[in-house]
Amino acid sequence: KDGMPMAVSDGKNMFWRSGDDAVSPDTWQYWKFVWRASMSTLTTIKEHLLFSHMATSNIYATASRQVLSPTHPFRRFMTRFTFGSIFINGQAQNFIFGSKTIGSRAFPFANQNAAVDFIWQSLPTVWDVFLPLRDPSTLPDKESYPMFGQMPYYTNGTHVYSMLQSLLVDFLKLYKDDWCKGGEFTDQEMIKFDSEVVRLAEWMGIKGLFDIPDDAPGTLNLGCPWLERFEARMSGVLFQVSAYHSQVGTVAQVYVDPEFASFSWRKGERVAPVKQHLGVEGLASATTRETPKLTEDYTH
């Protein structure tokens, strides 16, 4: 109500804050802790580590270097969006996902490999996740959900998405006449790059991650059908590895207080175990690094 939680469910039972079925104040505080900890943990693992790092940034950093030649203009363009990806993803593999790592000791899963595999298989498509930013008319009905469309993620995110889309479109227009003659796209490196992205996603077990619907709304008229499809795929990717990554990845402050949220907890206790929470804090500091802004000079 008014943006504040009224109840929390564990999947079987509802724990109400007020009313005839309200739980005790201590029980309510516990279930709020459980919700915060669960939400922040799943966001960290799914949206941040798996979706943004291990999937999208890995695939585009790999494809850029394996397929595009060092002097190709789009490889230079992608440098801004793949900078540091290989290094930080290697750290994530060593500290978080590997066997007997800090992450495996901090997360609450009895079988981490099975849990991560299940989440990996449930990753959504980039198009579906960012469609509301590309086309705000796809947001839930404002009358039924008045606060939903007022969330800063959407009110500010649509503007950021539009700016990144404009950056991409302006860049593509610079080379359109060379790459697309008579409406037919001819740059073989770009064609191989786009195909390699699809191939890598399938090889990694997440086929369809970058699929675009045939009737994709909001497709721009660039005078070249191949570039129009490419823009529809890439704009979401650029937003994901920049603004969206900042949204779902800047979580260190969430874990400052072990009574506010953590990766794991004991049943009935609304505070994280000391050893596990120290692991969380260690991960937050070890994997956090300041990266260059998109407006900085990337020449080298």
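Up top is the structure these notes are about.
Residues numbered from 1 in each chain as written. Predicted model: local features only at pLDDT ≥ 70, side-chain atom pairs only at ≥ 80, totals over all residues. Heavy atoms only, no water.

A. Structural detail: the overall build of the chain. Looking only at helices and strands, the chain has 10 helices and four strands in total. Moving toward the C terminus, one meets the helices and strands of the chain in the order β-β-α-α-α-α-α-α-α-β-β-α-α-α. When the backbone C-alpha atoms are referred to their principal axes, the chain occupies close to 70 × 50 × 35 Å. Sorting the 300 residues of the chain into buried and exposed places 42% on the buried side. If you take every contact in the chain between residues at least 6 apart in sequence, the share linking residues at least 24 apart comes to 71%. Accessible surface, the chain: about 16800 Å² in total, of which carbon and sulfur atoms supply 54%. Considering the chain, the positive charge centre built from 28 side chains and the negative charge centre built from 32 side chains are found 6 Å apart. (Helix = DSSP H or I, 4+ residues; strand = E, 2+ residues; numbered from the N terminus. Buried < 20%, exposed > 50% of the residue type's maximum accessible area, 1.4 Å probe, protein only. Contact = heavy atoms within 4.5 Å. Areas by Shrake-Rupley, 256 points an atom, 1.4 Å probe, with all protein chains shown as cover. Lys, Arg positive; Asp, Glu negative; His and termini not counted. Charge placed at Lys NZ, Arg CZ, Asp CG, Glu CD.)

B. Fine view of a nonpolar patch on the surface. Together, Met 6, Met 14 and Trp 16 make up a nonpolar patch on the protein surface, roughly 290 Å² of accessible area in all. When you line up the elements, Trp 16 lands in strand 2 (residues 14-16). (Patch = residues over 30% accessible without salt bridge, like charges linked within 9 Å, V, L, I, M, F, W, Y side chains within 5 Å. Salt bridge = Lys/Arg side-chain N within 4 Å of Asp/Glu carboxyl O.)

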